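Residue-level listing of the chains:
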Amino acid sequence: MKKADLVIIGGGPAGLAAALGAYDAGIKDIILLERDGKLGGILNQCIHNGFGLHRFGEELTGPEYAWKYQQEIFKRNISFLLDTMVLNLSPDRIVTAVNSSDGVFQIQAKAVILAMGCRERSRGALNIPGMRPAGIYSAGTAQKLVNGKGYLPGKKVVILGSGDIGLIMARRMTLEGAQVKAVCEIMPYSGGLNRNIVQCLEDFQIPLKLSHTITQIHGKDRVCGVTVAKVNRSGKPIQGTGEFIECDTVLFSVGLIPENELAKEAGIRLDPVTGGAEVFENRETSFKGIFACGNVLHVHDLVDYVSEEAELAGRSAAKFILEKWKRDGETVTLKRGEGIRYLVPQKLHRESHEALKLYFRVTDVKRNVEIVLRDGKSLLYSKRHPKVAPGEMEYVILTPEIVSRLTNNCVLEMREKEQ
Amino acid sequence: MIYDVAVIGAGVCGALIARNLSRFYLNVCVLEQESDVAMGTTRANSAIVHGGFDAKPGTLKAKLNVEGCGMMPELCGELHVPYRQNGSLVLAFDKEDVKHIHALYERGLVNGVKNLKLLNREELLKQEPNLSEKVLEALYAPSAGIVCPYELALAAIGNAMDNGVHLKLCFKVTGLSKEKEYFCISSENETVKARYVVNAAGLFADEIAKAAGEDGFFIAPRKGEYMLLDKAQGGLVNSTIFQCPSKMGKGILVTPTVDGNLLIGPTSENILDKTDSSTTQQGLEKVASTALKSVPGIQLRTVITSFAGLRACAEKEDFIIEPSKKLKGLIHVAGIESPGLSASPAIARYVMELLKREGISLKANPAFQAERRPLHHCRQMSMEMRNQLIQKEPRFGRVICRCEGITEGEIIEAIHKNPGATTLDGVKRRTRAGMGRCQGGFCTPSVIEILARELGISMEQVTKSGGGSRLLAGKCKAGECVK
């Protein structure tokens, strides 16, 4: 069996940054495994700009952002295998993978970083009634067809879900000559970034129908239309509000799911809300020496944050391999309170003595709120936010001093300011 | 040429009949109106091999169900189709139900179902701990099993083709007449001649009969809606779980599939349109709530797809398997609703008897190969076998469908091996590429490319399921510029 210090599963933005983080922290024996034919992951099909503002201070396209990281990988001569699919991960860090040239092979790693990214929720998962004709795609599949293969999936489009990929594809399909008739969103607010609503819908006069959903897909061979209806507060279609929209294509942009089948099979503990592993501040999972970062851990809005988190995971894996990591200290589990949908990391080592960037998402769109960290009744931290939305990932930075005072009773919550 | 036998319809019955015919020195063709086999009733049903206690004693349904159930293990072995004898349970929730399952037990004994057993609550919950606490008693049929219906039909047609049977797809019968010695079966573009005809046209069997000048029966579509859940739910039950049957069918069941998913459904609704396989809000809600009554722990969040199938129901409460009253040499195999899949091997055998009575001469073909070499299933192979295969053909090392672990080699094989896939859905049914939790999100673009390359057609010509189901509208503007 081959051996390696570090195996990284996934060569997208998370895997690339994790490799750099580990390498620069002293680990040279790294194998990066990528299932696609090139490095960069989903960034390769994201040819729009808007990447890298935080990381590089400039607006890059997806492939440009990926290229910057790839060059760093090449410079350091970090080894990677393409068209290589990982089939299994064991709790003691044996990675089984397959490709055309090596067949099925195993690597015993000292540490493993999970960086498999996420997949899109499908139409099936929503149980939208109707026929099953051609012309129904997830937004990411349509993006791959248009940007990766050079083919237009259809000409008259209705998009369900206002996630970022859906918004980006509304613009992309329009630029390619398709007519996007509507973007329907079941929630009373969009799940995408505000800047995408402005730049992808408003600039092209594409209607965004909030509190609307598709109740039926029509067409035997190819989609010929959808019925769109208004929904009530609990998301159920309101009778009599149905409207037929003629179209030949339906795109779904209804959420992303961390692709964690490997982690699940290995028995790594997952957070039911994020769909990713439960991790410590160093991004270590419930299994020693197995780390997770990027969209396989929790779905990020911006690749810049993925890179940042992945570098941290890479450095942590290096520390683990070099046995610099004290793992015996006391651990703390943070609780999420009112208004907080999830927290990452969920746990931390109290004596980490480092500042902690705590990511979270809220449950509702709110204005003028306070994000509060309290231990019982005593307040450890608070920060005012003028506006929060589930579509935008937020974070607070806790100083080493606050971190040292954290206990299992600590709760992060959102408080509405009294008027 | 004049065929000895033409089989109309490539569902599971047509497929098994064709395979039986290929055992003899006969020229046989199968005529199918769709772009692939197994596209009608066989495409979407409960995938259950019933024990045989449900049908009225003395009917063809009762006789052929029990026989078919007994034949299934060996047949699936020869064709290398996964078959699991997981047993079935009919649950009783109240006194009425208890009476009902006792009656079914008695009926099962008359029908000759083996090893039937009534289980009390304690035995039942020990055997199936995830059942509802409210259950009182159950009827257990250990001989029942599960099989994938379209896989069985594909394998049977593939085996028949390997043994010399011709398959003509997209052959929609528009006329059927008899000249002195033979039948003329026409479609829009072609006429096929055959001495004997088997009408196994499923939902359209009445229309074939009508074309032959008969109006003895009428086939009505009855819709059943289903939901398929993630493999993470596949272990909730071991046996197939029924509630008490009614006039409209055997009710909504909860069952594992041979692939390890959990299947719940079907509804039962008489409709008019023989092509309406749409799901409905009400239907899916009913499936969900009824299934939860049997197994309360089902996590509906993990549904990966929903679909509807159509049963081919005759007015008479039995299969119609009989020679035509008008034209000698024509055999009808109609009204094959539940337990049609279970009975299909026995139906195919019975049809041979009827053909003999019609005068066909059967001489065994010594070259007949009963075994069909299956497609490679890389995910089920040992590491050593897999490596040998990849060494011979590296494309078995390139995974295209991540969720189900399907390689390029498997997809190419499905396109070229009898009966070759020509569509996205065809590849999906043969290999499971696109059938996993992402439902083709990642692999669809690659599978379209592979289909276009292997079939020598353009990407735009690739369809989801034949006809007008094209997947792409054309090239992007940028593509035009490059040209």
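Source: prediction; values computed, not measured.

With respect to the overall build of chain B
Part 1 of the reasoning: Within chain B, the secondary structure is distributed over 13 helices and 23 strands.
Part 2 of the reasoning: In terms of overall dimensions, chain B is globule-like: its C-alpha atoms have a radius of gyration of 23 Å, near the 23 Å expected for 483 residues.
Part 3 of the reasoning: In terms of overall dimensions, chain B has C-alpha extents of about 70 × 60 × 45 Å along its principal axes.
Part 4 of the reasoning: Burial status across chain B gives 55% buried among its 483 residues.
Part 5 of the reasoning: Across chain B, every contact between residues at least 6 apart in sequence was considered, and the portion connecting residues at least 24 apart equals 72%.

Comments concerning the overall build of chain A
Part 1 of the reasoning: Along chain A, the regular secondary structure elements total 10 helices and 29 strands.
Part 2 of the reasoning: Relative to the globule expectation of 22 Å for 419 residues, the C-alpha radius of gyration of chain A, 22 Å, shows essentially globular dimensions.

Concerning the environment of Leu 152 of chain B
Part 1 of the reasoning: For Leu 152 of chain B, the position within the fold is in helix 5 (residues 149-162).
Part 2 of the reasoning: If we skip the residues at most four places from it in the chain, Leu 152 of chain B touches Val 12, Leu 79, Val 81 and Val 147 of chain B.

Remarks on the pairing of strand 11 (residues 183-186) of chain B
Residue and element names in this part refer to chain B.
Part 1 of the reasoning: Where burial is concerned, the two faces of strand 11 differ: the one with Phe 183 and Ile 185 is buried and the one with Cys 184 and Ser 186 is not.
Part 2 of the reasoning: In this structure, strand 10 (residues 175-178) lies alongside strand 11, joined through 4 bridges in antiparallel fashion. Bridged to Lys 178 within strand 11 is Phe 183.
Part 3 of the reasoning: Looking at chain direction, strand 11 and strand 12 (residues 191-199) are connected through 4 bridges and run antiparallel. Residue pairing across strands places Ser 186 opposite Thr 191, the latter belonging to strand 12.
Part 4 of the reasoning: Connecting strand 11 to the antiparallel partner strand 12 that follows it, the hairpin turn spans 4 residues.

As for the interface of chain B and chain A
Part 1 of the reasoning: On the chain A side, the residues contacting the 46 residues of chain B number 42 residues.
Part 2 of the reasoning: Mapped by element, the contributors of at least two residues to the side of chain B that touches chain A are helix 7 (281-294), strand 18 (303-314), helix 9 (383-392), helix 12 (444-455), strand 23 (474-475) and helix 13 (477-482) of chain B.
Part 3 of the reasoning: In terms of residue class, the side of chain B that touches chain A is made up of 17 nonpolar, 21 polar and 8 charged.
Part 4 of the reasoning: Summarising the sheet, strand 11 (residues 151-152) of chain A and strand 23 of chain B pair through 2 bridges and their orientation is antiparallel. Directly across from Leu 152 of chain A, in strand 23 of chain B, lies its bridge partner Gly 474 of chain B.

Some points on helix 1 (residues 13-24) of chain A
Residue and element names in this part refer to chain A.
Part 1 of the reasoning: Compared with the 16 Å implied by 1.5 Å per residue over 12 residues, the 17 Å span of helix 1 between its first and last C-alpha is a close match.
Part 2 of the reasoning: Counting buried residues along helix 1, 11 of its 12 residues qualify, which places the element largely inside the surrounding structure.
Part 3 of the reasoning: Here the buried face of helix 1 lies against strand 1 (2-9), strand 2 (30-33), helix 3 (62-75), strand 8 (103-114) and helix 9 (303-321).
Part 4 of the reasoning: Backbone geometry just downstream of helix 1 places Gly 26 in the positive-phi region, at approximately 110°.

Side note on the domain arrangement of chain A
All names here are of chain A.
Part 1 of the reasoning: What the domain assignment reports for chain A is domain 1 (2-119 + 257-327), domain 2 (122-254) and domain 3 (336-416).
Part 2 of the reasoning: Here domain 1 and domain 3 have C-alpha centroids that lie 26 Å from each other.
Part 3 of the reasoning: Facing the 12 residues of domain 1 at the interface are 12 residues of domain 3.
Part 4 of the reasoning: The residue makeup of the side of domain 1 that touches domain 3, split by class, is 5 nonpolar, 3 polar and 4 charged.

Some points on the packing of helix 1 (residues 12-21) of chain B against helix 5 of chain B
Residue and element names in this part refer to chain B.
Part 1 of the reasoning: Contact pair helix 1 / helix 5: the axes reach a minimum separation of 8 Å and the direction vectors enclose 30°. The angle between helix 1 and helix 5 places the two elements in the roughly parallel class. In the packing of helix 1 onto helix 5, the handedness of the crossing is left-handed. Within the contact between the two elements, helix 1 uses Val 12, Ala 15, Leu 16, Ala 18 and Arg 19 and helix 5 uses Pro 149, Leu 152, Ala 153, Ala 156, Ile 157, Asn 159 and Ala 160.
Part 2 of the reasoning: Tallied by class, residues from the contact of helix 1 with helix 5 come to 10 nonpolar, 1 polar and 1 charged.

Concerning the domain arrangement of chain B
Residue and element names in this part refer to chain B.
Part 1 of the reasoning: For chain B, the assigned domains are domain 1 (2-42 + 150-219 + 317-358), domain 2 (84-145 + 220-314) and domain 3 (378-482).
Part 2 of the reasoning: On a C-alpha basis, the centroid separation for the pair domain 1 and domain 3 is 30 Å.
Part 3 of the reasoning: Ranked by the residues each element gives to the side of domain 1 that touches domain 3, the list is headed by helix 5, at 6 residues.
Part 4 of the reasoning: Split into classes, the residues belonging to the side of domain 1 that touches domain 3 amount to 7 nonpolar, 2 polar and 3 charged.

So, the pairing of strand 6 (residues 85-89) of chain A
Along any regular strand the residues' side chains alternate between the sheet's two faces.
All names here are of chain A.
Part 1 of the reasoning: Relative to strand 7 (residues 94-99), strand 6 runs antiparallel, the two sharing 4 bridges. Looking at strand 7, one finds that Leu 89 is bridged to Val 95.
Part 2 of the reasoning: As consecutive antiparallel partners, strand 6 and strand 7 are separated by 4 residues, and within that stretch Arg 93 has a phi angle of approximately 70°, a positive value.

Some points on unusual backbone geometry
Part 1 of the reasoning: The omega torsion of the bond from Val 344 of chain A to Pro 345 of chain A falls at 0°, within 30 degrees of zero and hence cis.
Part 2 of the reasoning: Summarising the element assignment, Pro 345 of chain A is placed in the loop between strand 23 (340-344) and strand 24 (347-349).
Part 3 of the reasoning: In this structure, Arg 432 of chain B takes a positive phi of about 80° despite not being glycine.
Part 4 of the reasoning: Mapped onto the secondary structure, Arg 432 of chain B falls in the loop between helix 11 (424-431) and helix 12.

Observations concerning the packing of helix 6 (residues 164-175) of chain A against helix 7 (residues 194-201) of chain A
Residue and element names in this part refer to chain A.
Part 1 of the reasoning: With their axes 8 Å apart at the nearest point, helix 6 and helix 7 run at an angle of 20° to one another. Between helix 6 and helix 7, the crossing angle belongs to the class labelled roughly parallel. Considering how the two elements wind past one another, helix 6 and helix 7 form a crossing that is left-handed. When helix 6 is examined against helix 7, the residues Asp 164, Leu 167, Ile 168, Ala 170 and Arg 171 are found in contact with a partner set consisting of Asn 196, Ile 197, Cys 200 and Leu 201.

Topic: the sheet that holds strand 26 (residues 366-375) of chain A
All names here are of chain A.
Part 1 of the reasoning: Strand order in the open sheet made by the 4 strands is 22-29-26-27, with mixed pairing throughout. The two strands at the open ends of the sheet, each matched to only one other strand, are strand 22 (335-336) and strand 27 (378-388).
Part 2 of the reasoning: Alignment of strand 26 against strand 27, held across 9 bridges, turns out to be antiparallel. Bridge pairing in strand 27 links Arg 374 to Leu 379.

A look at the sheet that holds strand 14 (residues 208-210) of chain A
Residue and element names in this part refer to chain A.
Part 1 of the reasoning: Pairing in this open sheet of 5 strands is parallel, and the strands run 10-18-12-13-14 from one edge to the other. One side of each edge strand has no neighbouring strand; the edge strands of this open sheet are strand 10 (136-138) and strand 14. The mean inter-strand angle of the sheet, taken between neighbouring strand axes irrespective of direction, is 20°.
Part 2 of the reasoning: Relative to strand 18 (residues 249-252), strand 10 runs parallel, the two being bridged by 3 bridges. By the bridge assignment for strand 18, Tyr 137 is matched with Leu 251.

Observations concerning the environment of Glu 120 of chain A
Part 1 of the reasoning: Looking at the element boundaries, Glu 120 of chain A is found in strand 9 (residues 118-120).
Part 2 of the reasoning: Setting aside chain neighbours within four positions, we find Glu 120 of chain A in contact with Ser 138, Ala 139, Gly 140 and Leu 256 of chain A together with Gly 441 of chain B.

Overview of the environment of Lys 324 of chain A
Residue and element names in this part refer to chain A.
Part 1 of the reasoning: Tracing the backbone through its elements, the reader meets Lys 324 in the loop between helix 9 and strand 21 (331-333).
Part 2 of the reasoning: On the neighbour-count criterion, Lys 324 (10 C-beta atoms within 10 Å) is exposed.
Part 3 of the reasoning: Remark: the alpha-carbon pair of Lys 324 and Arg 172, spanning 152 residues in sequence, is separated by 48 Å.

Here we look at helix 7 of chain B
Part 1 of the reasoning: An ideal rise of 1.5 Å per residue puts 20 Å on 14 residues; helix 7 of chain B measures up with 21 Å between its terminal C-alpha atoms.
Part 2 of the reasoning: Here the buried face of helix 7 of chain B lies against strand 5 (88-92), strand 13 (219-229), strand 14 (240-242), strand 15 (253-256), strand 16 (262-265) and strand 18 of chain B.

Describing the confidence of the model for chain B
Part 1 of the reasoning: Predicted confidence across chain B gives a mean pLDDT of 95, with 98% of residues reaching 70 or more.
Part 2 of the reasoning: For this predicted complex, the interface confidence comes out at an ipTM of 0.95, alongside a pTM of 0.94.

The rules behind the values
Residues numbered from 1 in each chain as written. Chains lettered and ligands numbered in written order. Predicted model: local features only at pLDDT ≥ 70, side-chain atom pairs only at ≥ 80, totals over all residues. Helix = DSSP H or I, 4+ residues; strand = E, 2+ residues; numbered from the N terminus. Rg over C-alpha atoms; globule rule 2.2 N^0.38 Å. Buried ≥ 20, exposed ≤ 12 C-beta atoms within 10 Å, placed from the backbone. Contact = placed C-beta atoms within 7 Å. Pairing = 2+ DSSP bridges. Nonpolar A, V, L, I, M, F, W, Y, C, P; charged D, E, K, R; others polar. Expected span 1.5 Å × (residues − 1). Domains from an automatic or database assignment. Axes fitted to C-alpha atoms, helices over the stretch in contact; angles between N-to-C directions. Parallel < 35°, antiparallel > 145°, perpendicular 65-115°, else oblique. Left-handed = near helix turned anticlockwise from the far one by under 90°. pLDDT = per-residue confidence, 0-100.

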